[in-house]
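# Topology and contacts: notes
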Amino acid sequence: MKQNYDVVVIGAGPAGATLAYELGKKGIGVLVLEKEKLPRYKCCAGGVTSKAANLLDFDISAVAEDVICEVAFTFNLGNPFLGQHSEPLIYTVMRDVFDHFLMQRAQRLGAMLMDGKRVTQIQLGGDSVEISTADSTFRSRLVVGADGAYSIVARELSMNRGIEYITAIESEIVVAEDDLAKWKSRVRIDLGVIPGGYAWVFPKRGQLSIGAGCRASRARHLNRNYQKFLNSLSIGNYTIARSGSHLIPTCTEGRLVWQDRALLLGDAAGLTDPLTGEGIYNAIRSAQLAAPVIENYLTGAAGGLQDYQQIVDKKIITELRMARTLAKYFIRFPRLVFRILSKSDRVWRAERKVILGETDYAAVNEEVGGLKGILGQLLRL
Ligand SMILES: Cc1cc2nc3c(=O)[nH]c(=O)nc-3n(C[C@H](O)[C@H](O)[C@H](O)COP(=O)(O)OP(=O)(O)OC[C@H]3O[C@@H](n4cnc5c(N)ncnc54)[C@H](O)[C@@H]3O)c2cc1C
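### With respect to the sheet that holds strand β4 (residues 66-68)
A sheet is described by the order of its strands in space; here three strands give the open sequence β3-β7-β4, paired in antiparallel fashion. For this open sheet the edge positions go to β3 (47-49) and β4, each flanked by a neighbour on one side alone. Strand-to-strand twist of the sheet, defined as the mean angle between neighbouring strand axes without regard to direction, takes the value 25°. Sheet topology note: the β4/strand β7 (residues 90-92) ladder contains three bridges and is antiparallel. Within the sheet, the bridge partner assigned to Val-67 lies in β7 and is Tyr-91.

Structure below.
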């Protein structure tokens, strides 16, 4: 027997959980289908920037593993430049705990979760959409793909064009207390060791999330270079609790995030930042932008969901375009970017403001003077 709903959301990551929460606030009940049993592990450094945390109207400190006030940038394992701030820049989280926390907030507002339910098929019809799992079929007025980088919604509805990928690997590394203490409140970013990308250390309560990522087209030696980075950290005895790799999708021009009765959010829409790989911010943001569009559609105030495309283009994709331009400088000239960063306070000040959500990439580009400004800095150096 088919079960009928107004909204079915696929995926209970930050995008799906936030949408369920936002619609719950409006009194709209949703069904969330999640293929894993919650809480589920997600391969992720778990850095929630202050700007991402500030999007939420509740406090996340209960699930924060550490609060980051310092970023140690290095070039090819050399001496660090320390970017500091007196206020939190980033909260680190374990994604199983964080995502479950977000989902529980939504459930309190009436969202219904069915976990351990993998969606296998989506069929758009004239007045509804049918969503199938191995043992059930659900009928809904609309479907939301919040199902991550390998989105079945995007695939089934042929909305998976206009995406480029970053390949990322990460290990959760359990280290001794004294090793852990060295990383307290500090993340490390190395710009040179991974051609076409970067490597990182994000501290958690009992472990370090150590990873690396680069453009998928340049990932041939990613594992070898990651190992080099890991060895350079001089960590004493450690055990690898978990290790994995995952794609990070970033959209290119003309990305379709809406079609008929379907919307895509977060990674399913390819909304990660091509410069940093940050995806939690736009997962939450896209959900918050989708909620009023869905409300208008369900109440009849709007005839369709097309406004979502316009608003995502304006508020997110334009910004990602600028990040893509900046990413090109970082990828091509990591040594020079590092030199500029370490010699001029302007770049760190601008980067810090982006992390805090006080400015955007367009303003940063202006602040550093665009390509002309960067070339000028290079010549001076
Ligand atoms: C190694 C690595 C490090 C990263 N570090 C950071 C970081 O520090 N900070 C940051 O902001 N971003 C980071 N990211 C990116 C971030 O993880 C993603 O952008 C973010 O998880 C996107 O959230 P989402 O809700 O869109 O998708 P996801 O978090 O991927 O959630 C999608 C959900 O959908 C479920 N699902 C998938 N298919 C189906 C199906 N067929 N049926 C039902 N359910 C399904 C999945 O099980 C999952 O729970 C990192 C990514 C990687 C790979």
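Moving on from the coordinates now.
### Some details on the domain arrangement of the protein
Bring the parts together and some accessible area is lost; that lost area is often taken as the interface size. With domains assigned, the protein is organised as domain 1 (3-46 + 94-160 + 252-305), domain 2 (71-84 + 164-248) and domain 3 (332-380). On a C-alpha basis, the centres of domain 2 and domain 3 stand 23 Å from each other. In total, about 850 Å² of surface goes out of reach between domain 2 and domain 3, with carbon and sulfur atoms giving 83% of it. Considering only the side of domain 2, the residues that lose the most area to domain 3 are Phe-75, Phe-81 and Leu-191, jointly responsible for 62% of the buried surface there. Taken together, the connections running from domain 2 to domain 3 amount to zero salt bridges. Seen at the junction of domain 2 and domain 3, the total is two residue pairs in polar contact (both at pLDDT 80 or more). Among the secondary structure elements, those contributing two or more residues to the side of domain 2 that touches domain 3 are β5 (70-74) and β6 (81-84). In the side of domain 2 that touches domain 3, the residues fall into five nonpolar, four polar and no charged.

### A closer look at the side chain of Ser-132
Note on placement: Ser-132 falls in strand β10 (residues 129-133). Overall, the relative accessible area of 13% leaves Ser-132 in the buried class. Here Ser-132 is in contact with Arg-118, Val-119, Thr-120, Gln-121 and Thr-137, once residues within four sequence places are set aside.

### Re the site of the ligand
Around the ligand there are 38 residues in total, and Glu-34, Arg-40, Gly-47, Arg-95 and Asp-267 lie nearest to it. In the environment of the ligand, an oxygen atom lies 3.2 Å from a nitrogen or oxygen atom belonging to the backbone of Pro-14. Within the contact set of the ligand, a nitrogen atom lies 2.9 Å away from a backbone nitrogen or oxygen of Val-119. Contact with the protein chains removes 94% of the 1,000 Å² of surface that the ligand exposes when unbound. Elements that contribute at least two residues to the shell around the ligand include exactly α1 (14-25), β2 (31-34), β12 (163-175), β16 (238-251) and α7 (280-299).

### What about the pattern of salt bridges?
Evaluation of the coordinates by the stated rule reveals 18 salt bridges. Lys-25 is paired through a salt bridge with Asp-57; the nearest N and O atoms lie 2.7 Å apart. One end of the pair, Lys-25, is in helix α1; the other, Asp-57, is in the loop between α2 (50-53) and β4, with 32 residues separating them in the sequence. The shortest N-O distance in the salt bridge between Asp-115 and Lys-37 comes to 3.3 Å. Note that Asp-115 is positioned in strand β8 (residues 112-115) and Lys-37 in the loop between β2 and β3, a separation of 78 residues in sequence. Where salt bridges share partners, they join Glu-22, Lys-25 and Asp-57 into one cluster.

### Observations concerning helix α3 (residues 95-108)
Structurally, the α-helix is built with 3.6 residues per turn, so residues lying three or four positions apart point the same way. Along its 14 residues, α3 runs 20 Å from first to last C-alpha, staying within 8% of the 20 Å computed at 1.5 Å per residue. Restricting attention to buried positions, one finds in α3 the residues Arg-95, Phe-98, Asp-99, Phe-101, Leu-102, Met-103 and Ala-106. The inward-facing, buried residues of α3 contact α1, β2, β3, β8 and α7. Immediately downstream of α3, the backbone of Gly-110 shows phi near 110°, a positive value.

### Quick notes on the nonpolar core
In globular proteins that are soluble, nonpolar side chains generally tend to be buried together. Within the largest apolar cluster, 76 residues are counted, with the highest numbers of intra-cluster contacts made by Val-7, Leu-19, Ile-60, Ile-131 and Ile-294. Ranked by residues supplied to this core, first place goes to α7 with twelve residues. Those residues within four positions of Ile-60 in sequence are excluded, and the remaining contacts are Val-48, Ala-53, Tyr-91, Phe-98 and Phe-101.

What counts, and at which threshold
Residues numbered from 1 in each chain as written. Predicted model: local features only at pLDDT ≥ 70, side-chain atom pairs only at ≥ 80, totals over all residues. Heavy atoms only, no water. Pairing = 2+ DSSP bridges. Helix = DSSP H or I, 4+ residues; strand = E, 2+ residues; numbered from the N terminus. Axes fitted to C-alpha atoms, helices over the stretch in contact; angles between N-to-C directions. Domains from an automatic or database assignment. Buried area = accessible area lost by both parts, 1.4 Å probe. Salt bridge = Lys/Arg side-chain N within 4 Å of Asp/Glu carboxyl O. Polar contact = N/O pair within 3.5 Å; in protein donor to acceptor, adjacent residues only side chain to side chain. Nonpolar A, V, L, I, M, F, W, Y, C, P; charged D, E, K, R; others polar. Buried < 20%, exposed > 50% of the residue type's maximum accessible area, 1.4 Å probe, protein only. Contact = heavy atoms within 4.5 Å. Near = heavy atom within 4 Å. Areas by Shrake-Rupley, 256 points an atom, 1.4 Å probe, with all protein chains shown as cover. Expected span 1.5 Å × (residues − 1). Core = buried A, V, L, I, M, F, W, Y, C linked by side-chain atoms within 4.5 Å.

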